[in-house]
Amino acid sequence: MTREFTPRRRFLKAAAGVLAVGMTPWGSVLAEDEADTLRIGLTPVFLDDQAAFLQRWREDLSRRLGRPVRFVQRASYREVTELLLEGRLDAAWLCGFPYVLHEDRLRLLAVPLYRGQPRYRSYLLVPASDTRTRSLMDLEGQVFAFSDPLSNSGHLFVQYRLMREGQGVEHFFRRSFFTWSHRKVIEATAVGLAQGGAVDSYVWETLAQFSPRITDRTRVVERSPPFGFPPFVTRKDLPERDFQALRSALVDRIRDPETERLMSRLNLDGFIPGEPELFDEIRRMAQALGRI
């Protein structure tokens, strides 16, 4: 059975951390004095412990939009998606899986470009000390770390991969758990809390570039086919003027040193409007698993 399992106090404390700077607490998401504020949802799946960076990004977007921007962070895709569907958020950086689950109520705003492409993969990891494992199927009976129940690369792909082999998560692994962050999946695998994990390739490769001491303790044993990169979406009833202004702020490339520095810090090349067809493979897997 999949459950949150963090047996070491230090790791549990790290997994529970929530950014405070530039974030909105739950009770003030609908504050009346912020009627003109554009509220954008994030999860720690992508950005961990980067309060200063998020403050700079929020200020840059506010400057380009000419109106206040508020980042609202929650611990899971489910929480952010619910806020968006309830109208408590205007936009969110989600995974492709919750987007295809609710695309009748969501609108594709922008898709990041990573290494020139709007795509990424799921990486299946093991500890670097494990020199014998060659694929997911070698991890039968082991402990496995997932990032989020609504993550494509961090959960859905593994479910689909096992289904194709006539297996299910509940019986294939001895135990599995959610860390609520791709970085924490990497850390859990690196220190041996899990014998395997599934992560976003962009996150693993970005950490390999900026924090190799973490990724060096893991080894990639499988790479999925490419998927549409986790997109920015809005609720469908967001006014067209607001939608186009936010899309322009993300997509239009201007020779602005601060914006370029922020994109470099995100390890992204920028954003494009994107097309729903980018997420066809995720739709196909979700349909095969009976999720949509």
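Note that the structure is predicted; figures quoted are calculated from it, not measured. (Residues numbered from 1 in each chain as written. Predicted model: local features only at pLDDT ≥ 70, side-chain atom pairs only at ≥ 80, totals over all residues. Heavy atoms only, no water.)

## A few points about the overall build of the chain
Now for step 1: Assigned secondary structure in the chain consists of 12 helices and 13 strands.
Now for step 2: Residue pairs in contact within the chain that sit at least 24 positions apart in sequence constitute 82% of those at least 6 positions apart.
Now for step 3: Accessible surface for the chain amounts to roughly 12900 Å². Of this, 47% is attributable to carbon and sulfur atoms. (Helix = DSSP H or I, 4+ residues; strand = E, 2+ residues; numbered from the N terminus. Contact = heavy atoms within 4.5 Å. Areas by Shrake-Rupley, 256 points an atom, 1.4 Å probe, with all protein chains shown as cover.)

## A few points about unusual backbone geometry
Now for step 1: Located in the positive-phi region is Arg-115, a residue other than glycine, with phi close to 55°.
Now for step 2: Locating Arg-115 in the fold gives a position in the loop between β4 (106–113) and β5 (119–120).
Now for step 3: We classify Arg-115 as exposed; its relative accessible area is 57%.
Now for step 4: At Asn-267, a position not held by glycine, the phi torsion is positive, near 60°.
Now for step 5: The buried category is assigned to Asn-267, whose relative accessible area is 16%. (Buried < 20%, exposed > 50% of the residue type's maximum accessible area, 1.4 Å probe, protein only.)

## So, the side chain of Thr-218
Now for step 1: Relative to the assigned elements, Thr-218 resides in strand β10 (residues 218–223).
Now for step 2: Within the local environment of Thr-218, its side chain forms a polar contact with the side chain of Trp-204, the two groups lying 3.0 Å apart.
Now for step 3: A polar atom in the side chain of Thr-218 sits 2.9 Å from the backbone oxygen of Thr-215.
Now for step 4: Once residues lying within four places of it in the same chain are set aside, the contact partners of Thr-218 are Leu-125, Val-126, Pro-127, Ala-128, Ile-186, Thr-189, Ala-190 and Trp-204. (Polar contact = N/O pair within 3.5 Å; in protein donor to acceptor, adjacent residues only side chain to side chain.)

## Remarks on the pairing of strand β9 (residues 196–200)
Now for step 1: The element β9 is largely enclosed, with a buried count of 5 among its 5 residues.
Now for step 2: When strand β7 (residues 143–146) meets β9, the two strands line up parallel, connected through 2 bridges. What sits directly across from Phe-144, in β9, is Gly-196. (Pairing = 2+ DSSP bridges.)

## A few points about the sheet that holds strand β13 (residues 270–272)
Strands in a sheet are paired, the pairing made by backbone hydrogen bonds, and the direction either parallel or antiparallel.
Now for step 1: Taken in spatial order, the 6 strands make up an open sheet running β2-β1-β3-β12-β4-β13, and their pairing is mixed. Unpaired on one side and paired on the other, β2 (69–73) and β13 mark the two borders of the sheet. Each strand axis lies, on average, 25° off the axis of its neighbour in the sheet, ignoring direction.
Now for step 2: In the sheet, strand β3 (residues 91–93) pairs with strand β12 (residues 232–235) via 3 bridges, with the strands oriented antiparallel. Paired with Ala-91 across the strands is Thr-234, a residue of β12.
Now for step 3: Against the sheet, helix α3 (residues 77–85) makes contact with β1 (38–42), β2, β3, β4 and β12, and its axis sits at roughly 160° relative to β3, the strand it touches most. (Axes fitted to C-alpha atoms, helices over the stretch in contact; angles between N-to-C directions.)

## Here's the deal with empty space enclosed by the protein
Now for step 1: Under the defined criterion, the tally for this structure stands at 2 cavities of 30 Å³ or more.
Now for step 2: Every element with two or more residues in the lining of the largest cavity is listed here: α2 (51–65), α10 (240–251) and α11 (257–266). (1 Å grid on protein atoms, 1.4 Å probe; cavity = no way out; pocket = protein on both sides within 12 Å on 5 of 7 lines; lining within 4 Å. Points joined across faces, edges and corners; volume = space filled by probe spheres on them.)

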